[in-house]
Amino acid sequence: MSRRTFVVAIALVLTASVAYLAGSAASSGAAGGARTLPGVSKVVFLSHVNDPKVVPGFPGDPAFTLTTAFTVPADGYYLQYVKEGEHTGTHYSAPCHFHVGARCAEDLAAGNYVLPAVVVDVRSQVEADVDYHVTVADLKAWETAHGVFPSNAAVLLWTGCDKWWGPRTGRTVPTYYNCGSAAGNFRQPGFSKAAVRWLIRQGVLGTRGALGTDTFGPDPGDDPNYVETFLTLRHHRFTLENLTNLGAMPTRGGWIVIGGPRNRHGSGAPSTIFGLVP
């Protein structure tokens, strides 16, 4: 089989798969409708588009570049060369990101990448304090309002910081790096250590599960040791970073699917993360 024939065959398979999963935009009311998935009313993206022009790189991470390697007019097919670190843009982190000998991407079961999801909305607290630490009391108040957290779940923190998404930097200007506060180079809300330990003790973060957030990570910006990430990545849990569109998810009852490469010895990978809305 020639390379061009192979490319055409793959394109046909992908087209058929998308048609099966999504249905037509006209019949579902929106592109990406999920009428063929029982119990799912729609599928939403929870990840930013991976574009080096707009992705804010975490300080010290490898530079992200995206260049055209082949074009249809010149080569018969279109292909880009992607050069980036495993923790670029929206991404997941596997346990070995912080723990020697822990499981990496290829060591995890498929079920680890599909999780029940809850959304904890702390936007009002973050408006008052950009360094806000989510407390055990916050999580217990969530349970009082919405019921007990599911076990082995993805707990997604909705801070509202994603509205500042972009590469702009500056101590005194509103950026993603300071969650729009214009008050320092790196400021963000996150989970407290006590909150993470409570989620682990309760089995919400069991041998499976994830902490997700629409910031650079689950750690508050004033924790230079990333203790919350360290605690979460023990055993088989994930962190999900630089999420977006969390307002499209239900507070509880949704699911997430973590897509992306499973690199050999991968500490994580840039991801397309899907939210399944009942």
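In the block above lies the structure referred to throughout.
Residues numbered from 1 in each chain as written. Predicted model: local features only at pLDDT ≥ 70, side-chain atom pairs only at ≥ 80, totals over all residues. Heavy atoms only, no water.

> Tell me about the overall build of the chain, residues and numbers included.
Scanning the chain from N- to C-terminus turns up seven helices and 13 strands. Per-residue burial over the chain gives 44% buried out of 278 residues. Counting only contacts in the chain whose residues sit at least 6 apart along the sequence, the fraction spanning at least 24 positions is 69%. Total accessible area on the chain is roughly 13600 Å²; 58% of this is exposed by carbon and sulfur atoms. (Helix = DSSP H or I, 4+ residues; strand = E, 2+ residues; numbered from the N terminus. Buried < 20%, exposed > 50% of the residue type's maximum accessible area, 1.4 Å probe, protein only. Contact = heavy atoms within 4.5 Å. Areas by Shrake-Rupley, 256 points an atom, 1.4 Å probe, with all protein chains shown as cover.)

> Could you give an account of the pattern of salt bridges, naming the residues involved and the relevant values?
Tallied over the full model, the rule gives two salt bridges. Ionic pairing is found between Arg123 and Asp121, a salt bridge with its closest N-O pair at 2.8 Å. The partly exposed category is assigned to Arg123, whose relative accessible area is 34%. With relative accessibility at 36%, the residue Asp121 sits in the partly exposed group. When the shortest N-O distance is used, the salt bridge between Arg187 and Asp131 registers 2.6 Å. Linking Arg187 in the loop between β7 (154–158) and β8 (190–191) with Asp131 in the loop between α4 (123–128) and β6 (133–134), this pair joins segments that are 56 residues apart in sequence. (Salt bridge = Lys/Arg side-chain N within 4 Å of Asp/Glu carboxyl O.)

> Quick one: what's the story with the packing of aromatic side chains, residue by residue and with numbers?
Evaluated as defined, the whole model comprises 14 aromatic pairs. When the centroid spacing of 5.2 Å and the interplanar angle of 40 degrees are considered together, the rings of Phe70 and Tyr77 count as tilted. Using a relative accessible area of 14% as the deciding quantity, one classes Tyr77 as buried. Relative to Trp198, the ring of Phe149 has its centre 6.3 Å away and its plane inclined at 75 degrees; by these criteria the two rings are edge-to-face. Taken together, the positions of Phe149 in the loop between α5 (136–146) and β7 and Trp198 in helix α6 (residues 193–201) put the pair 49 residues apart, joining distant regions of the chain. Linked through ring pairs, Phe58, Trp165, Tyr176, Tyr177, Phe186 and Phe216 together constitute an aromatic cluster. Over the aromatic face of Trp158 sits the side chain of Arg123, whose NZ or CZ is 3.6 Å from the ring centroid. (Phe/Tyr/Trp six-rings, centres within 6.5 Å; stacked < 30°, edge-to-face > 60°. Lys NZ or Arg CZ within 6 Å of the ring centre and 35° of its normal.)

> Could you give me a rundown of the nonpolar core, with the residues and numbers involved?
Counting residues in each nonpolar core, the largest one holds 25 residues, and the members touching the most others are Phe149, Val155, Phe191 and Leu199. No other element matches α6, which puts four residues into this core. Every residue in contact with Leu199, bar those within four places of it in the chain, is listed here: Leu139, Val155, Phe191, Val204, Leu205 and Leu211. (Core = buried A, V, L, I, M, F, W, Y, C linked by side-chain atoms within 4.5 Å.)

> Any chance you could break down the side chain of Ser271 for me, citing the residues and the numbers?
On the secondary structure map, Ser271 appears in the loop between β12 (268–270) and β13 (273–277). Given a relative accessible area of 6%, Ser271 falls into the buried group. Of note is the side chain of Ser271, whose polar atom sits 3.0 Å from the backbone oxygen of Gly259. Reaching out from Ser271, the side chain makes a polar contact with the backbone oxygen of Ala269 at a distance of 2.9 Å. Contacts of Ser271, omitting those with residues within four sequence positions, involve Ser47, Thr90, His91, Tyr92, Ile258, Gly259 and Gly260. (Polar contact = N/O pair within 3.5 Å; in protein donor to acceptor, adjacent residues only side chain to side chain.)

> Give a detailed account of the packing of α5 against α6, specifying residues and quantitative values.
At a minimum axis distance of 8 Å, the contact between α5 and α6 shows a crossing angle of 45 degrees. Considering the angle they form, α5 stands oblique to α6. Note on element contacts: α6 touches α5 through Ala194, Ala195, Trp198 and Leu199, opposite Val136, Leu139, Lys140 and Glu143. Split by residue class, the contact of α5 with α6 holds six nonpolar, no polar and two charged. (Axes fitted to C-alpha atoms, helices over the stretch in contact; angles between N-to-C directions. Parallel < 35°, antiparallel > 145°, perpendicular 65-115°, else oblique. Nonpolar A, V, L, I, M, F, W, Y, C, P; charged D, E, K, R; others polar.)

> Break down α5 for me, citing the residues and quoting the values.
One full turn of an α-helix is made of 3.6 residues, so residues set three or four places apart face in the same direction. For α5, every residue scored as buried is listed here: Val136, Asp138, Leu139, Trp142 and Glu143. Projected down its long axis, α5 shows its buried positions confined to an angular sector of 160 degrees, all on one face. Facing away from the buried side of α5 by over 90 degrees, the exposed positions are Ala137, Thr144 and Ala145. Residue Thr135 occupies the N-cap position of α5, its side-chain oxygen lying 3.3 Å from the main-chain nitrogen of Ala137. Backbone geometry just downstream of α5 places Gly147 in the positive-phi region, at approximately 100 degrees. (Arc of directions from axis to C-beta.)

> Pulling in residues and values, what's your account of a positive patch on the surface?
A cluster of basic residues, Lys140, Lys193, Arg197, Arg201 and Arg234, forms a positive patch on the protein surface. By the element assignment, Lys140 lies in helix α5. (Patch = residues over 30% accessible without salt bridge, like charges linked within 9 Å, V, L, I, M, F, W, Y side chains within 5 Å. Lys, Arg positive; Asp, Glu negative; His and termini not counted. Charge placed at Lys NZ, Arg CZ, Asp CG, Glu CD.)

All we've got here are geometric facts, nothing functional implied.
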